[in-house]
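Residue strings, one per chain:
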Amino acid sequence: MEMDLTQAVQQNLLNTDRCLVCVQVAELSTWAKTSRILALVHHQGEYGLFIFAIDKSPVATASDLSLKAVVGIDAAVVCDVSSPLGIVEADLEFKIVKHDCTYTFEMSIGQECNTFVAEFYRVLQSCHEQYGDGTLDFSWVKPYGGEEIRGSSQAQGNQPHSHVSLSKATGNSASTFYTFEDNFQTSVPDASLKKSSALPAMASGGNLRQKLEREVTPLLRHSSLDMMGSRDGIIKRVMETREDEYTDIQTFRVFTGTWNVNGQPASVALQAWLAGDDEPPDMYAVGFQELDLSKEAFLFNDSPREDEWLQAVTNALHRGATYTLVRTIRLVGMMLVTYVAEPLRERVIEVAAETVGTGIMGKMGNKGGVAVRFLLHNTSLCVVNAHLAAHTDDCERRNQDHADICERLRFARFDPPLPIWQHDVVLWIGDLNYRLDQLAYDQVMLLMEKGAFAKLLEYDQLYTQKKKGRAFKTYEEGPITFRPTYKFDPGSDTYDTSEKCRVPAWCDRVLWKGQHVKQLTYRSHPTLMISDHKPVSALFDVGVKVVDVVKFKRVYEELMKQLDKLENEYLPQVTLDTMEIDFDRVAFVEPAAQYLIVANTGQVPVEFEFIRKPNDAGYCKPWLSISPYKDYIMPGEKRDVKLEVYVKAAMAARLNAGDDRIDDILVLHLHGGKDIFVTVGGRYVPSCFGASLQALCSMPTPLREVPVAQLVDLGSPETPAAAAAADAPYDIPKEIWSMLNHLYEFGVQEGSLFQQPGLPSEILQIRDVLDTGIADSLPGSVHSVAEALLMFLEALPDPVVPYSHYQQCIDRSRDVTACEQLVAAFPPCHSNVFRYLMAFLRTVLYFVDRNKSDVMESLALMFGSILLRAPPGVEPTLPPRMLDNCKATFVTNFITE
Amino acid sequence: MAGRGTAQRPNGAGAAGKICQFKLVLLGESAVGKSSLVLRFVKGQFHEYQESTIGAAFLTQTVCLDDLTVKFEIWDTAGQERYHSLAPMYYRGAQAAIVVYDITTQDTFSRAKTWVKELQRQASPNIVIALAGNKADLANGRMVEFDEAQAYSEENGLLFMETSAKTAMNVNDIFLAIAKKLPKNDQAGGGAVGQGGSGSRRLDEGGAGSQGSTGKCCK
């Protein structure tokens, strides 16, 4: 049983790290390909590409893998994916460059590969955006680089100078390319790769075509259905990257508010907080904390307060607009309510909400965050309402809560689940609980009275933690010009006078990140007194991407054109040296071959196949064979296809009669592409082989001297020519007489007549002599003449025992007298030929000196099957073996002495 | 571009339009301009001496309508009579057909009518048939009257346009007209494949984004 690869990788990781996606690849070096597992590993907002060696394949347990190297992913990592054109196994080359180390991997195309590459790019892009040019130290990778790995035997020998050993790497914070083992090839990255920049997905933007080719080509090799799917994906990606071309920025006003209500009921009007401005906002995001401090809320996440406060908010919204509730979400005491003004309602889609608890045991909902996200026009927006850990000393805990929410809050309706940071705009509100450090109550009061907020802010933990990059690193916050919002004596405007005498703090905050966000106001609302916190609000102008339908259509259509063009260019294409194959002269049992040269002149491998036409039994007529009739051709290569004509006894009569011709249209189909028609033609040379007994008896001259039209007429019994032939000049065809006479003269004394095969070349000569009368005697050995005779009888359009009498002869084969009578009833030439043949066989048997009965039996079987043939289309009434016996019995009646 | 925002599009993003795929076949006597029409439509080109098609050429082309995208799989067949018996291979399963004649040759119009009859008898019952009187640029040598062809088309429920692959007259239009007329639901022949995906969100859809319709049909 093969173990899930991700699971195997995960078991090789520390608990803090998670394998996002992994794939099996081959690492390419100048001298070898080595199987590897690439795993993208996440550690608290940082990522690493882990390269594992496979110690045992298939991977069954975690111990079958061993870590070879880790590439810490930051802005120094450059990656390129390319697929060499014209390789059918469609391997993707995945190249990773960091500083001066290069890894090249080969991946076979497929779902896993797609997922991995897509995820890798996503991570790479986000790292570029998050860390810019800065490098990370990747200290979390250190524990993986144990001495035992570095010290392994393979470490010795291979170009040690070109590698960065683990210790070296850790010592040098600029380089985060950990190599645990020296068995990788490193090289200077080529210039083109560096130039193509770190974001090959779309970032350089310039040469779209090249990129499309890179992406589309491997996909085109799959079936058309896959192609459709991939095409969808490509369209989506390209349209995303070209968003600027068809969207305009339109500004919307967003109100955000946060209030820790300390479990109080919604007993006050909220207008002063929510509707204090002249102009109505376009959107509201209002967050509460400690909405409900009851045990029920905590244990069962059930609160009557929810509706109460929701109603209070709804009642207090600005009167200047009509609002629609987008979504509310609550986790214990944390609630987030979002509204949009009515005209925007249609423009809000993909609404989702999630919660994350970071409280007791790291998961209870007394602390944590709730979030709502949606698309407003084309801008993705995420609002997070958080309540982080309390107490002045627990600053680190708050940082951790923030990190946990960032990491764990993912909108699960998306695949893969969508994290907070993957939004254009994030608004983060809540009771973040950061306090003022180092200051005593009195000091704070003093500074506050002076209005020295800037000075006070220097002691603000959020301010200092953010500056250190410990939390909210990428978020912005507007200048605070209001007094700390905590802690008040409830019902008053007085700071805590209780015994604890808590130092005032700006617990309640609003932060944001994203482009086109402008904060207009950042205020507290001290007139609301029911809680020990004051509510805070911030008003924003948010620039939102709005689709210009006309521009969008233009970009979309342009893309469609490009894709069509590529798709058409990558259709299979072949060139044939000819589309008309002329066999010229085609004669009975005389093989002839011609070659068709199929050249792949397109850009993709071609699978061709000659396909069956409607109403046909096969892909070509029975007298033709094609080899190979299906095959693959690589671009630039050619394939010789052999077409061979061979007219066997069973086909001769129809060709002789003109019912069939050497004429066929072959359909050469290219899989996933067009069809080409190839015409096959030739002139069939009529022969006495395949002519009727009737016709042959009436022809005084060799067959070749008879005009074709007359030949056709003689073949069909209804015509005047056939009637005239009734008084035929011959009792039996001269050709049969000629062959039998020859055998009688030279062969009967040869005991093995009809038991040895003839030579094909001699049979052709015999055929020609019979058809042309050019020689008086037949050429070749008696065995060839004997075989020619059998062929001749087999090719008769109406067998010696006529179709009309066939069934009776089978039915009455045991009745000698009846058989005699039946033969007498045959048309004259048929009964003559039959009697003549029987007489000849008796002579043959006469000369057989040993095993006479065996020979008789085999002759009876052989002639039975040739002389008695079922009419075409008639289902046999007996099993084959019994039928053969009946036929042999019929013949035996006439050859027994 | 790289520095623009940190957002990544979620997979659930809706589409500007769904993509429906249809098989379209061109039929008509040889040298009426079937391949030229396709070449004009797909590549915007015209060759005075277009090679005779010996087989069935295959190309794809996408047409964008307001609310959806139609992707044509175009089969351009050989017009010579000796390949007539192979035509069913190409119109079988086709959701659309363009029967082409040359307005300067009466015979080609008669042949076109025969094709229409054959399609009505043998092709799928919902097939959308368009009649194209090609070489409209050669109006001086006109042998088939516009009114006659139009009357015939009306009787038989065909789309009809006179076209010119040379001047591009009505070439895109006739494909567009077919795209509009094609039934976009599943029952109609099920040509549509997959759910179209484009980068833009569906502007007209409120609420839930990733709708579950991954089926074969459009709208």
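Definitions and limits used
Residues numbered from 1 in each chain as written. Chains lettered and ligands numbered in written order. Predicted model: local features only at pLDDT ≥ 70, side-chain atom pairs only at ≥ 80, totals over all residues. Heavy atoms only, no water. Helix = DSSP H or I, 4+ residues; strand = E, 2+ residues; numbered from the N terminus. Buried < 20%, exposed > 50% of the residue type's maximum accessible area, 1.4 Å probe, protein only. Contact = heavy atoms within 4.5 Å. Areas by Shrake-Rupley, 256 points an atom, 1.4 Å probe, with all protein chains shown as cover. Pairing = 2+ DSSP bridges. Salt bridge = Lys/Arg side-chain N within 4 Å of Asp/Glu carboxyl O. Phe/Tyr/Trp six-rings, centres within 6.5 Å; stacked < 30°, edge-to-face > 60°. Lys NZ or Arg CZ within 6 Å of the ring centre and 35° of its normal. Axes fitted to C-alpha atoms, helices over the stretch in contact; angles between N-to-C directions. Core = buried A, V, L, I, M, F, W, Y, C linked by side-chain atoms within 4.5 Å. Arc of directions from axis to C-beta. pLDDT = per-residue confidence, 0-100.

J.: Please explain the overall build of chain B as it appears in this structure.
T.: Helix and strand content of chain B: five helices and six strands. Each of the 219 residues in chain B was classed as buried or not, and the buried ones make up 56%. Here the analysis covers contacts within chain B between residues at least 6 apart in sequence; of these, 74% occur between residues at least 24 apart. Entry remark: accessible area of chain B is about 8900 Å², with carbon and sulfur atoms responsible for 49%.

J.: Honestly, the pairing of strand β7 (residues 101-108) of chain A in this entry has me stumped. Any pointers?
T.: Remember that side chains alternate between the two faces of the sheet whenever the strand is regular. All names here are of chain A. Of all eight residues in β7, seven are buried; the element is thus mostly enclosed. Note that strand β1 (residues 18-28) and β7 share three bridges and pair antiparallel. The residue of β7 that forms the bridge with L28 is T104.

J.: Is there a simple way to explain the pattern of salt bridges in this structure?
T.: One side chain can pair with another of opposite charge once the charged atoms of both are near each other. Residues and elements named next belong to chain A. Summed over the entire model, instances satisfying the criterion amount to 43 salt bridges over all chains. A salt bridge links D660 to K621, with the shortest nitrogen-to-oxygen separation between them at 3.8 Å. With a gap of 39 residues between them, D660 in the loop between α17 (649-657) and β29 (663-670) and K621 in the loop between β25 (606-611) and β26 (624-627) connect regions that are remote in the sequence. Given a relative accessible area of 13%, D660 falls into the buried group. Between D768 and R767 there is a salt bridge whose closest N-O contact spans 3.1 Å. A residue is classified by how much of its surface remains accessible, and D768, at 24% relative accessible area, is partly exposed. Salt bridges linked by common partners bring R585, E590, R767 and D768 together as one network.

J.: It is not clear to me how the packing of aromatic side chains should be interpreted in this structure. Could you clarify?
T.: Centre-to-centre distance and the angle between the planes together describe a pair of aromatic rings. Throughout the structure, instances matching the rule amount to 42 aromatic pairs over all chains. With 5.0 Å between their ring centres and 25 degrees between their planes, F588 of chain A and F689 of chain A make a pair best called stacked. Separated by 101 residues along the polypeptide, F588 of chain A in the loop between β23 (580-586) and β24 (592-600) and F689 of chain A in the loop between β30 (675-684) and α18 (693-698) bring together distant segments of the chain. Here F109 of chain B and Y152 of chain B contribute two aromatic rings whose centre-to-centre distance is 5.9 Å and whose plane-to-plane angle is 80 degrees, an arrangement assigned as edge-to-face. Within this pair, whereas F109 of chain B is found in helix α3 (residues 106-122), its partner Y152 of chain B is found in helix α4 (residues 146-156), the two being separated by 43 residues in sequence. The pair formed by F109 of chain B and Y152 of chain B is uniform in burial state, with each residue classed as buried. Ring-pair connections join several aromatic residues into one group, and the members of that group are F677 of chain A together with F58, W75, Y83 and Y90 of chain B. Directly above the ring of Y434 of chain A sits R398 of chain A, whose terminal nitrogen or CZ lies 5.3 Å from the centroid. The residue whose ring lies beneath K113 of chain B is Y152 of chain B, and the NZ or CZ to ring-centre distance is 5.4 Å.

J.: Just to check I follow, could you spell out the sheet that holds strand β21 (residues 536-547) of chain A for this structure?
T.: Sheet strands associate in pairs through backbone hydrogen bonding, adopting either a parallel or an antiparallel arrangement. Residues and elements named next belong to chain A. What the six strands build is an open sheet, ordered β11-β12-β10-β9-β21-β20; its pairing is mixed. Only two strands of the sheet have a single partner each, and these edge strands are β11 (323-331) and β20 (517-524). The sheet shows a mean angle of 20 degrees between the axes of neighbouring strands, direction not considered. Judged from the six bridges that link them, strand β10 (residues 283-289) and strand β12 (residues 334-341) form a sheet pairing that is antiparallel. Each residue of the ladder has a partner; that of M283, found in β12, is V340.

J.: I would appreciate a short explanation of the nonpolar core in the present structure.
T.: Note that soluble globular proteins tend to have their nonpolar side chains buried in a common cluster. Grouped together as the largest cluster of nonpolar side chains are 101 residues, with contacts concentrated most on V647, F754 and L793 of chain A. The leading source of residues in this core is helix α23 (residues 782-795) of chain A, at 10 residues. Excluding residues within four positions of it along the chain, V647 of chain A makes contact with V586, A587, F588, V589, W623, A652, L655, I662 and Y684 of chain A. Within the second largest apolar cluster, 68 residues are counted, among which are V667 of chain A together with I54, F58 and A149 of chain B.

J.: Help me out: how do you make sense of unusual backbone geometry in this one?
T.: Excluding glycine, residues mostly have negative phi values, and the peptide bonds linking residues are mostly trans. The residue after D415 of chain A, namely P416 of chain A, is reached through a cis peptide bond having omega 0 degrees. With an omega dihedral of 0 degrees, the bond running from Y486 of chain A to K487 of chain A counts as a cis peptide bond. Structurally, the position occupied by K487 of chain A is in the loop between α15 (461-468) and β19 (508-514). A positive phi angle, near 55 degrees, is found at N262 of chain A, a position not held by glycine. Assignment of secondary structure puts N262 of chain A in the loop between β9 (247-260) and α9 (271-274). Even without being a glycine, A168 of chain B presents a positive backbone phi close to 75 degrees. Within the element layout of this structure, A168 of chain B appears in the loop between β6 (159-162) and α5 (171-181).

J.: Any chance you could explain the environment of G681 of chain A here in plain terms?
T.: Of note, G681 of chain A is situated in strand β30. With a relative accessible area of 17%, G681 of chain A lands in the buried category.

J.: I'm lost on helix α24 (residues 803-811) of chain A in this one. Help?
T.: One full turn of an α-helix is made of 3.6 residues, so residues set three or four places apart face in the same direction. Residue and element names in this part refer to chain A. The set of residues buried in α24 consists of H805, Y806, C809 and I810. Along the axis of α24, the buried residues cluster in a sector spanning 140 degrees; they form a single face. The exposed residues of α24 that point more than 90 degrees off its buried face are S804 and D811.

J.: In this structure, what is going on with the pairing of strand β1 (residues 18-27) of chain B? I would like to understand it.
T.: All names here are of chain B. Of all 10 residues making up β1, 10 are buried, and the element is well covered by its neighbours. Of the two faces of β1, the one holding K18, C20, F22, L24 and L26 and the one holding I19, Q21, K23, V25 and L27 are both buried throughout. The pairing of β1 with strand β3 (residues 68-77) spans nine bridges and is parallel. From the neighbouring strand, K18 faces β3, where its bridge partner is L68.

J.: Would you take a moment to explain the side chain of E735 of chain A for this structure?
T.: Residue and element names in this part refer to chain A. Along the polypeptide, E735 turns up in helix α21 (residues 734-746). By relative accessible area, which is 2% here, E735 ends up buried. Excluding its chain neighbours within four sequence positions, the residues that come into contact with E735 are C688, L696, L770 and F792.

J.: Please explain the confidence of the model for chain A as it appears in this structure.
T.: Detailed reading of predicted coordinates is not advised where the pLDDT is low. Residues and elements named next belong to chain A. In the predicted model, chain A carries a mean pLDDT of 83, and the fraction of residues at 70 or more is 85%. Taken as a whole, residues 85-89 scores under 50 in pLDDT and shows 10 contacts with residues more than four places along the chain or in a different chain. Segment residues 146-228: pLDDT under 50, and 184 contacts once partners within four positions in sequence are set aside and those in other chains are kept.

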